[in-house]
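# Structural characterization, general
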Amino acid sequence: MASARRTQKPSSRFSFVKRIPTADPTAELPVPAAFRCPISLELMKDPVTLHTGITYDRQSIESWLEVGSLTCPVTNQALGNDELLPNHTIRRLIQDWCVANRSFGVERIPTPRIPVTSIQASELLSEIAFAGRRGDRARCQELVGKIKALGKESERNRRCIGSAGAGRVLSACFSESATDSFERSRVGAAKEILSALPLFFPLDQDSCQQLSSPKSLDSIVSILRSGDLDARLNAALVLRELLSSLPPRRINGVAGTDGLVEALSKLIQNPISPRVTKASLVAAFHLVASSDRAAAALVDTGIIPSLLEILVDSDKGMCEKALAVLDGVLGCSRGREMAYGDALTVPVLVKKMLRVSDMATEFAVSALWKLCRNEKRGGGCSMEAVQVGAFQKSLLLLQVGCSGATKEKANDLLKLLNGCRGSMECTEAVDFRGLKRTF
């Protein structure tokens, strides 16, 4: 009887925390109802109390309020701009309960940090703006480090600080630090600002205006060229965000920044980390999609062999981004000329036409279409494409379905390749063993 009582499941008013294996593996530890959040029914980690007197876990009640719910979940009383008061008494009791049940595998919940308020965020940003205007770089760097640490503590802090205008203030401070020559004394503050900005993406129009100024762009390029790993990563992330937020006309102006295209190309050709490479590829894509001058400049840096090498063996995300840039640079004659001379071009593009993603298919078909459509008579690109299976894959794409633009190009590609079919033998595009790589 005693054994049966021990293994009987407790009533539904309890939730459970699994414990470490014991002599009775079916046993579970019931959590007192007062320690459970009424919304999630889980053990509270950061208990807070509303004016209704009901205590909730902070994450649960904040999620409830964020979706527009204006009543207390338990009492159904109307809620205004209620302040969530930390319930230290319940939190200490929960911690004591966790310690008392440590033998059951329960870990003690850490003491939560008090989240930043909108007033505190506004005051801190005002101090940063003031320090930036008066040229106090050391104080600016210190304050930016503080706001970055607060933003990293929780998603709630990031949203609160971002809503207070962090992107605008930090972008303005970066622009001010780059007003004169980019001296060593300013590098520390500039790097700190760039490391904080990604926490508060997306950037608004005012932030983009500040970061796209010539002096700001020169500073970003300088860091892309000679910064340490973290600094170059943050500069690439900020540049990616900036270019993805600007209209094409503005991007065309940014593309003229001295050394920008070369700096991005170097990060792609000599990778220092996957995140840097991906951010650089996205930034390069926005440049070549909006500026023919940038596309030609990128080709002149020798980017095409590097893009093809990336495509040979990379994950889906990297392949999509590399294909996007390759499709962009093949829009200019210089890019196609370089691609025609590389033995990997056609086999790699045909391989990526299927089984990567819809986006990869779109870019691969577009790139191959540009090459076959613009080749000179007797160029050999279309013939090679047929040999490695482009005709069959294009036909399959039309049969299984694809997007409108891709469908049109696949159909046109079939017409271009049809005349080259003849009796040529078709080989597998996945077999690169017989190809000589360019480097």
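Quantities reported herein were computed from a predicted structural model and do not represent experimental measurements.

### Some thoughts on the sheet that holds strand β3 (residues 47–49)
Working definition: the strands of a sheet are paired by backbone hydrogen bonds and lie parallel or antiparallel to each other. In spatial order, the strands read β4-β3-β5; together these 3 strands make up an open sheet with antiparallel pairing. Every other strand in the sheet has two partners, leaving β4 (55–57) and β5 (85–86) as the edge strands with one partner each. Sheet analysis places β3 next to β4, joined by 3 bridges and oriented antiparallel. Note on β4: the bridge partner recorded for Thr49 is Thr55. Helix α2 (residues 58–66) contacts β3, β4 and β5 of the sheet and is inclined by roughly 95 degrees relative to β4.

### Re the environment of Ile119
Along the chain, Ile119 turns up in helix α4 (residues 118–133). Among the residues examined, Ile119 registers a relative accessible area of 56% and is labelled exposed.

### A closer look at empty space enclosed by the protein
A probe matching the size of a water molecule, rolled over the atoms, marks out where space remains unfilled. If you walk through the whole model with that rule in mind, you get 1 cavity of 30 Å³ or more. The space that makes up the largest cavity amounts to roughly 40 Å³. Taken together, Leu224, Arg225, Arg232, Ala263, Lys266 and Leu267 make up the lining of the largest cavity. When contributions to the lining of the largest cavity are tallied by element, the ones reaching two or more residues are α10 (214–226) and α13 (260–269). Of the residues that constitute the lining of the largest cavity, the class distribution is 3 nonpolar, no polar and 3 charged.

### Considerations on the layout of surface pockets
Considering only enclosed or pocket space, the second largest pocket measures out at about 540 Å³ in volume. Around the second largest pocket, the lining comprises 19 residues; the ones closest to its centre are Glu62, Val116, Thr117, Ser118 and Arg156. If you list the elements that add at least two residues to the lining of the second largest pocket, you get α2, β5, α4 and α6 (155–163). Residues of the lining of the second largest pocket, tallied by class, amount to 8 nonpolar, 4 polar and 7 charged.

### Quick look at helix α16 (residues 303–312)
Among the 10 residues that make up α16, 10 are buried, leaving the element largely enclosed by the rest of the structure. Turning to α16, its buried residues number three or more, namely Ile303, Ile304, Pro305, Ser306, Leu307, Leu308, Glu309, Ile310, Leu311 and Val312. Buried-residue contacts for α16 involve α13, α14 (274–290), α15 (292–300), α17 (316–329), α18 (333–340) and α19 (345–351).

### So, the packing of helix α5 (residues 137–153) against helix α7 (residues 166–177)
Relative placement of two packed helices is described by the angle separating their axes and the distance separating the axes. At a minimum axis distance of 12 Å, the contact between α5 and α7 shows a crossing angle of 150 degrees. Considering the angle they form, α5 stands roughly antiparallel to α7. Of the two possible hands of crossing, α5 and α7 adopt the one that is left-handed. Of the residues in α7, those touching α5 at Arg137, Cys140 and Val144 are Leu170, Cys173, Glu176 and Ser177. The class makeup of the residues in the contact of α5 with α7 is 4 nonpolar, 1 polar and 2 charged.

### Structural notes on the pattern of salt bridges
Inspection of every chain in the model, using the stated rule, returns 14 salt bridges. Between Glu192 and Lys148 there is a salt bridge; the shortest N-O distance is 3.1 Å. Of this pair, Glu192 sits in helix α8 (residues 184–196) while Lys148 is found in helix α5, placing the two residues 44 residues apart along the sequence. In terms of burial, Glu192 and Lys148 fall into one category: buried. Here the salt bridges share partners, and the residues they tie into one network are Asp46, Arg58, Glu62 and Arg156.

### Comments concerning the nonpolar core
One recurring pattern in soluble globular proteins: nonpolar side chains tend to sit buried together. Residues Ile128, Leu224, Leu287, Leu326 and Leu368 are the most contacted members of the largest nonpolar core, which totals 107 residues. The element that contributes the greatest number of residues to this core is helix α11 (residues 229–245), accounting for 9 residues. If sequence neighbours within four positions are ignored, Leu287 has contacts with Leu243, Ile251, Ala255, Leu260, Val261, Leu264 and Ala294. Core analysis: the next-biggest nonpolar cluster, separate from the first, contains 20 residues, Leu29, Leu43, Val48 and Cys98 among them.

### Examining the packing of aromatic side chains
Counting across every chain of the model gives 2 aromatic pairs. For the ring pair Phe35 and Trp97, a centre distance of 6.2 Å and an interplane angle of 70 degrees mean the geometry is edge-to-face. On the criterion of sequence distance, the pair formed by Phe35 in the loop between β2 (29–31) and β3 and Trp97 in helix α3 (residues 88–100) is long-range, its members being 62 residues apart. The residues Phe35 and Trp97 share a single accessibility class, namely buried. On the numbers, 6.0 Å between centres and 70 degrees between planes, the contact of Phe285 with Phe363 is edge-to-face. Note that Phe285 is positioned in helix α14 and Phe363 in helix α20 (residues 358–374), a separation of 78 residues in sequence. Residue classification places Phe363 among the buried residues on the basis of a relative accessible area of 13%.

### Quick look at the environment of Asn270
Within the element layout of this structure, Asn270 appears in the loop between α13 and α14. We classify Asn270 as partly exposed; its relative accessible area is 47%. As for Asn270 and Ser306, which are separated by 36 residues in sequence, their C-alpha atoms are 8.8 Å apart.

### Quick look at the confidence of the model for the chain
Considering every residue of the chain, the mean pLDDT works out to 87; 87% of them sit at 70 or more. For residues 1–14, every residue scores under 50 in pLDDT, and the model assigns this stretch 9 contacts once sequence neighbours within four places are set aside. This stretch, residues 425–439, has a pLDDT under 50; its non-local contacts, to residues over four places away or in other chains, come to 31 contacts.

Reading the values: the criteria
- Residues numbered from 1 in each chain as written.
- Predicted model: local features only at pLDDT ≥ 70, side-chain atom pairs only at ≥ 80, totals over all residues.
- Heavy atoms only, no water.
- Pairing = 2+ DSSP bridges.
- Helix = DSSP H or I, 4+ residues; strand = E, 2+ residues; numbered from the N terminus.
- Contact = heavy atoms within 4.5 Å.
- Axes fitted to C-alpha atoms, helices over the stretch in contact; angles between N-to-C directions.
- Buried < 20%, exposed > 50% of the residue type's maximum accessible area, 1.4 Å probe, protein only.
- 1 Å grid on protein atoms, 1.4 Å probe; cavity = no way out; pocket = protein on both sides within 12 Å on 5 of 7 lines; lining within 4 Å.
- Points joined across faces, edges and corners; volume = space filled by probe spheres on them.
- Nonpolar A, V, L, I, M, F, W, Y, C, P; charged D, E, K, R; others polar.
- Parallel < 35°, antiparallel > 145°, perpendicular 65-115°, else oblique.
- Left-handed = near helix turned anticlockwise from the far one by under 90°.
- Salt bridge = Lys/Arg side-chain N within 4 Å of Asp/Glu carboxyl O.
- Core = buried A, V, L, I, M, F, W, Y, C linked by side-chain atoms within 4.5 Å.
- Phe/Tyr/Trp six-rings, centres within 6.5 Å; stacked < 30°, edge-to-face > 60°.
- pLDDT = per-residue confidence, 0-100.

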